[in-house]
Amino acid sequence: MDGLEAEFNLKVVLVSFKQCLNEEEEVLLDHYIASWKGLVRFLNSLGTIFSFISKDVVAKLQIMERLRSSPQSEHYTSLQSMVAYEVGNKLVDLDRRSRHPSSGCRTVLRLHRALHWLQLFLEGLRTSPENARTSTLCTDSYNASLAAYHPWLVRQAVTVAFCTLPTRKVFLEAMNVGPPEQAVEMLGEALPFIEHVYDVSQKVYAEHSLLDLP
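Below is a summary of the structure that appears in this document. (Residues numbered from 1 in each chain as written. Predicted model: local features only at pLDDT ≥ 70, side-chain atom pairs only at ≥ 80, totals over all residues. Heavy atoms only, no water.)

Thoughts on the pattern of salt bridges
When the charged atoms of two side chains with opposite charge come close together, those side chains can pair.
Consideration 1: Taken as a whole and judged by the stated rule, the model has six salt bridges.
Consideration 2: Ionic pairing is found between Asp56 and Lys60, a salt bridge with its closest N-O pair at 2.8 Å. Note that Asp56 and Lys60 are positioned in helix H4 (residues 51–68) at a spacing of four residues, about one turn of the helix.
Consideration 3: Among the residues examined, Lys60 registers a relative accessible area of 12% and is labelled buried. (Salt bridge = Lys/Arg side-chain N within 4 Å of Asp/Glu carboxyl O. Helix = DSSP H or I, 4+ residues; strand = E, 2+ residues; numbered from the N terminus. Buried < 20%, exposed > 50% of the residue type's maximum accessible area, 1.4 Å probe, protein only.)

Brief notes about the packing of aromatic side chains
Consideration 1: Inspection of the entire model under this criterion finds 10 aromatic pairs.
Consideration 2: Considering the side-chain rings of Phe50 and Phe162, the 6.3 Å spacing of their centres and the 55° angle between planes classify their relative orientation as tilted. Placement of the pair is Phe50 in the loop between helix H3 (29–45) and H4 and Phe162 in helix H8 (residues 152–162), with a sequence separation of 112 residues. Of the two residues examined, Phe50 and Phe162, each falls in the buried class.
Consideration 3: One aromatic cluster is present, formed by Phe50, Phe52, Trp117, Phe121, Tyr142, Phe162 and Phe171 through successive ring pairs.
Consideration 4: The ring of Tyr149 has Arg113 sitting right over it, with the charged end atom 3.6 Å from the ring centre. (Phe/Tyr/Trp six-rings, centres within 6.5 Å; stacked < 30°, edge-to-face > 60°. Lys NZ or Arg CZ within 6 Å of the ring centre and 35° of its normal.)

Looking at the layout of surface pockets
Consideration 1: In this structure, the largest pocket encloses a volume near 280 Å³.
Consideration 2: If you go around the largest pocket, you meet 14 residues; those closest to its centre are Asp56, Arg110, Leu146, Tyr149 and His150.
Consideration 3: The set of elements that each furnish at least two residues to the lining of the largest pocket consists of H4 and helix H6 (104–127).
Consideration 4: Across the lining of the largest pocket, the residue classes break down as eight nonpolar, one polar and five charged. (1 Å grid on protein atoms, 1.4 Å probe; cavity = no way out; pocket = protein on both sides within 12 Å on 5 of 7 lines; lining within 4 Å. Points joined across faces, edges and corners; volume = space filled by probe spheres on them. Nonpolar A, V, L, I, M, F, W, Y, C, P; charged D, E, K, R; others polar.)

Brief notes about the packing of H4 against H6
Consideration 1: Interaxial distance between H4 and H6 falls to 10 Å at its minimum, and their mutual angle equals 145°. For the pair H4 and H6, the crossing hand works out as left-handed. Contact residues: Ile53, Val57, Lys60, Leu61, Ile63, Met64 and Leu67 in H4; Gly104, Arg106, Thr107, Val108, Arg110, Leu111, Ala114 and Trp117 in H6.
Consideration 2: Broken down by class, the residue content of the contact of H4 with H6 amounts to 10 nonpolar, two polar and three charged. (Axes fitted to C-alpha atoms, helices over the stretch in contact; angles between N-to-C directions. Left-handed = near helix turned anticlockwise from the far one by under 90°. Contact = heavy atoms within 4.5 Å.)

Notes on H3
Consideration 1: Between the first and last C-alpha of H3 there are 24 Å, a value that for 17 residues agrees with the 24 Å anticipated at 1.5 Å per step.
Consideration 2: Looking at H3, one finds that the buried residues are Leu29, Tyr32, Ile33, Ser35, Trp36, Gly38, Leu39, Val40, Phe42 and Leu43.
Consideration 3: Looking one or two residues past H3, Gly47 carries a phi angle of roughly 100°, positive in sign. (Expected span 1.5 Å × (residues − 1).)

Note that all results are geometric; they support no functional claim without further evidence.
In structure tokens:
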């Protein structure tokens, strides 16, 4: 285990979402990307069970990093500036995927949906009893978020895969913040940072009627 892995703990990752918003409540994309990379490390630390999500997230983060280093990077400093630029210049496929399959708006929307699933799952871990089945918690969170955007075969495969999830205690210990009760306390303190970023992003997408981009 290298130094970075040894230092990893989920509280640092969750609190990093606080930096995603400036005083004007703009979602800063560099911080958003960095925070998501921390969440990917957490998912990967639990084995291959979440690879169907983490691999897709990594691909989306790479798209956003390319946009942030492109000649148009100034338009991709925040979610709000990106939406204004892409919508204003018709760089978003609104009805069906065609000329702009990897637009920033579509890419961040996929990350936004995945963030909602993870937020719901972590909240479920926080509020559930010790003997709660993680497969049920994860399935409920998935059904309330990502499932609506996945075809039936994917939904079935994911639900079956969730049956192999480790126990609630293993999840809480993987957060590297101490014993399970400390992890539960930490989630109560840190999850609101993710929720705030999610709520602000949801409002931006709703205001521009972009929540159902193909």
